[in-house]
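Structural overview for review
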Amino acid sequence: MAVSKYQLLIRLATEKCDDAAQVMNYARQRMETARQRLQQLAQFLADYLHRRIAQGEQGMAAGQWVDYQKFIERLQEAIAVQRQEVDSSQNAYQQATDAWQAARKKLKALEKLQEQEDMRARLREAKREQKQTDEFAARIFRESKSRT
């Protein structure tokens, strides 16, 4: 069979789809890492608050209380920054997913066109073979008639 006009397009679309899948996987990993960091920070803050309460119940100096409070504020700031990172990474993941889905859709469309072209080629070949068979049968019939 002749080389299809879609083969190059399918190969390029496959490469684009593979590249988009890699970008999507990287974005997913980045998002998961950002979520884990946020969870770790939130857990650390909760633990630190419990320690401050426990320490406060035992009594602590005003300077120590101020230090605890400043550190808690820094943790809360870090959590706010990490939430922004989570949001950013979720947006990047969604965009990467959309790009992968679009690339996959285009690849599937090209593959469908290739299948249709292959089907048309098989039909043309079948018609050609049928025509040859009909001509051969007609020739044999004519030859057999001419002998009688």
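As a starting point, this report considers the structure included with it. Remember, predicted model here, so these are calculated numbers, not experimental data.

A few words now on the side chain of serine 89. Note that serine 89 resides in helix α2 (residues 62-147). Here the side chain of serine 89 touches valine 86 through a polar contact of 2.9 Å, landing on its backbone oxygen. Beyond its immediate chain neighbours, meaning those up to four positions away, serine 89 contacts Ala27, Arg30, Met31 and Ala34.

A word on the environment of arginine 52. Locating arginine 52 in the fold gives a position in helix α1 (residues 7-58). Take arginine 52: its relative accessible area is 14%, and that puts it in the buried class. With 20 residues separating them in the primary sequence, arginine 52 and isoleucine 72 have C-alpha atoms 9.6 Å apart. With residues near it in sequence (within four places) discarded, arginine 52 still touches Met60, Trp65, Tyr68, Gln69 and Ile72.

Opposite charge on two side chains permits them to pair, given that their charged atoms come into close proximity. If you walk through the whole model with that rule in mind, you get five salt bridges. Between lysine 108 and glutamate 111 there is a salt bridge, and its shortest N-O distance comes to 3.6 Å. You can see lysine 108 and its partner glutamate 111 sitting in helix α2, three residues apart, about one turn around the helix.

A word on the environment of arginine 128. Mapping arginine 128 onto the fold places it in helix α2. Note on arginine 128: relative accessible area 38%, which makes it partly exposed. Put simply, arginine 128 and leucine 45 are 83 residues apart on the chain and 78 Å apart in space, counted from C-alpha to C-alpha.

A ring pair, where both rings are aromatic, is described by two values, the distance of the centres and the angle of the planes. All told, the structure shown has four aromatic pairs when counted by the stated rule. Taking the centre distance of 6.1 Å and the plane angle of 85° together, the rings of phenylalanine 44 and phenylalanine 71 count as edge-to-face. Of the two residues, phenylalanine 44 is situated in helix α1 and phenylalanine 71 in helix α2; the sequence distance between them amounts to 27 residues. Using a relative accessible area of 29% as the deciding quantity, one classes phenylalanine 71 as partly exposed. An aromatic cluster is defined as three or more aromatic residues linked by ring pairs; in this entry it consists of Phe44, Tyr48, Tyr68 and Phe71.

Analysis parameters
Residues numbered from 1 in each chain as written. Predicted model: local features only at pLDDT ≥ 70, side-chain atom pairs only at ≥ 80, totals over all residues. Heavy atoms only, no water. Helix = DSSP H or I, 4+ residues; strand = E, 2+ residues; numbered from the N terminus. Polar contact = N/O pair within 3.5 Å; in protein donor to acceptor, adjacent residues only side chain to side chain. Contact = heavy atoms within 4.5 Å. Buried < 20%, exposed > 50% of the residue type's maximum accessible area, 1.4 Å probe, protein only. Salt bridge = Lys/Arg side-chain N within 4 Å of Asp/Glu carboxyl O. Phe/Tyr/Trp six-rings, centres within 6.5 Å; stacked < 30°, edge-to-face > 60°.

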